[in-house]
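Each chain, letter by letter, is given below.
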Amino acid sequence: VWTTTPWSLVGNAGLAYNEEIEYGVYQVEDKLIICSNDQSHMIPNSKFVKNMSLNELSNLKPLHPFHTDGYPLMDGDCVFVNHTFVKNNVGTGFVHLGPSHSQDDFMVWEEYFPNREFPNPVDQHGKYNNVPLFGEEYVVKKGEFGEASESVTKQLDDYGLLLSVNSQDLTV
């Protein structure tokens, strides 16, 4: 999954895809990765393996990247939903759902799971609520980004789950 906010993966509750997008399986060394065929350039040094049917895709059960460490921070497993807000012009064709961190993600969550709670790991002071692996690291501290994004990125890399890191300017 492509993200501009690694710190938000701690509050990840699932993934969204778009059934209008064509997805494929790509191999990088010993890993198989699913990505939008149009965005496969996002996966460096990959080799196309096969197209994925919508049936194959919709039956997948995503795991939280830190599932061996007590994630997701909610009852039940990560969810996998089809939604048109997933676009094919940026990222991998998947959007991670952090309903406590994004208005779009919250709206999708409410549409599919109106009575299900979701994780909210960041307190009113901008730090994690003593979460596994990252304790009480700051997401934001005194108006600046805290150490959380860097720590999450490092943990992904340590687990062999990080393909690349790029800097991107965002306008808010």
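Residues numbered from 1 in each chain as written. Predicted model: local features only at pLDDT ≥ 70, side-chain atom pairs only at ≥ 80, totals over all residues. Heavy atoms only, no water.

## Re the confidence of the model for the chain
And step 1. Summarising the model, the chain shows a mean pLDDT of 91, and 97% of its residues fall at 70 or more.
And step 2. Within the chain, strand 4 (residues 47-52) carries the highest mean pLDDT (97), whereas strand 8 (residues 144-145) carries the lowest (88). (pLDDT = per-residue confidence, 0-100. Helix = DSSP H or I, 4+ residues; strand = E, 2+ residues; numbered from the N terminus.)

## Notes on the pattern of salt bridges
And step 1. Counted according to the given criterion, the structure contains three salt bridges.
And step 2. Its salt-bridge partner being Lys-50, residue Glu-56 comes within 2.6 Å of it at the nearest N-O pair.
And step 3. The exposure class assigned to Glu-56 is partly exposed, which follows from its relative accessible area of 32%.
And step 4. For Lys-127, the salt bridge is made with Glu-136, and the minimal N-O distance between the two is 3.5 Å. (Salt bridge = Lys/Arg side-chain N within 4 Å of Asp/Glu carboxyl O. Buried < 20%, exposed > 50% of the residue type's maximum accessible area, 1.4 Å probe, protein only.)

## A few points about the side chain of Asn-12
And step 1. Structurally, Asn-12 can be placed in the segment before strand 1 (14-17).
And step 2. Polar side-chain contacts of Asn-12 include one of 3.0 Å to the side chain of His-96.
And step 3. A distance of 3.3 Å separates the side chain of Asn-12 from the backbone nitrogen of Leu-97, its partner in a polar contact.
And step 4. Here Asn-12 is in contact with His-64, Pro-65, Pro-72, Cys-78, His-96, Leu-97 and Pro-119, once residues within four sequence places are set aside. (Polar contact = N/O pair within 3.5 Å; in protein donor to acceptor, adjacent residues only side chain to side chain. Contact = heavy atoms within 4.5 Å.)

## A word on the environment of Thr-84
And step 1. Position of Thr-84 among the secondary structure elements: in the loop between strand 5 (79-82) and strand 6 (95-97).
And step 2. For Thr-84, a relative accessible area of 55% corresponds to the exposed category.
And step 3. For the pair Thr-84 and Tyr-17, spaced 67 residues apart in the sequence, the C-alpha separation amounts to 7.9 Å.

## Details of the side chain of Asn-18
And step 1. Take Asn-18: it is sitting in the loop between strand 1 and strand 2 (23-28).
And step 2. Of the polar contacts made by the side chain of Asn-18, one reaches the backbone nitrogen of Glu-20; its length is 2.8 Å.
And step 3. Polar side-chain contacts of Asn-18 include one of 3.0 Å to the backbone oxygen of Val-86.
And step 4. Not counting the four nearest positions on each side in its chain, Asn-18 is found in contact with Tyr-23, Asn-82, His-83, Thr-84, Val-86 and Gly-93.

## Focus: the environment of Val-25
And step 1. The topology assignment puts Val-25 in strand 2.
And step 2. Note: C-alpha distance between Val-25 and Asn-37 (12 residues apart in sequence) is 8.5 Å.
And step 3. Discounting chain neighbours no more than four positions away, the residues touching Val-25 are Leu-32, Ile-33, Ile-34, Lys-47, Phe-48, Val-49, Lys-50 and Met-52.

## Structural notes on the pairing of strand 3 (residues 31-36)
And step 1. Bridge count for strand 2 against strand 3 is six bridges, and the pairing is antiparallel. When the sheet's bridge partners are listed, Val-28 is paired in strand 3 with Lys-31.
And step 2. Between strand 2 and strand 3, which follow one another and run antiparallel, lie two residues, and Glu-29 among them has a positive phi close to 55 degrees. (Pairing = 2+ DSSP bridges.)

## A word on helix 3 (residues 148-158)
And step 1. Burial in helix 3 covers these residues: Ala-148, Ser-149, Ser-151, Val-152, Thr-153, Gln-155 and Leu-156.
And step 2. Just beyond helix 3, the residue with positive phi is Gly-160, at close to 75 degrees.

## Comments concerning unusual backbone geometry
And step 1. Look at the link from Tyr-71 to Pro-72: it is a cis peptide, with omega at 5 degrees.
And step 2. Inspection of the secondary structure puts Pro-72 in the loop between helix 1 (54-58) and strand 5.
And step 3. Positive phi values are uncommon outside glycine, yet Leu-133 reaches one of about 75 degrees.
And step 4. Of note, Lys-142 is a non-glycine position whose phi angle comes to about 50 degrees, a positive value.
And step 5. If you trace the backbone, Lys-142 turns up in the loop between strand 7 (140-141) and strand 8.
And step 6. For Lys-142, a relative accessible area of 80% puts it in the exposed group.

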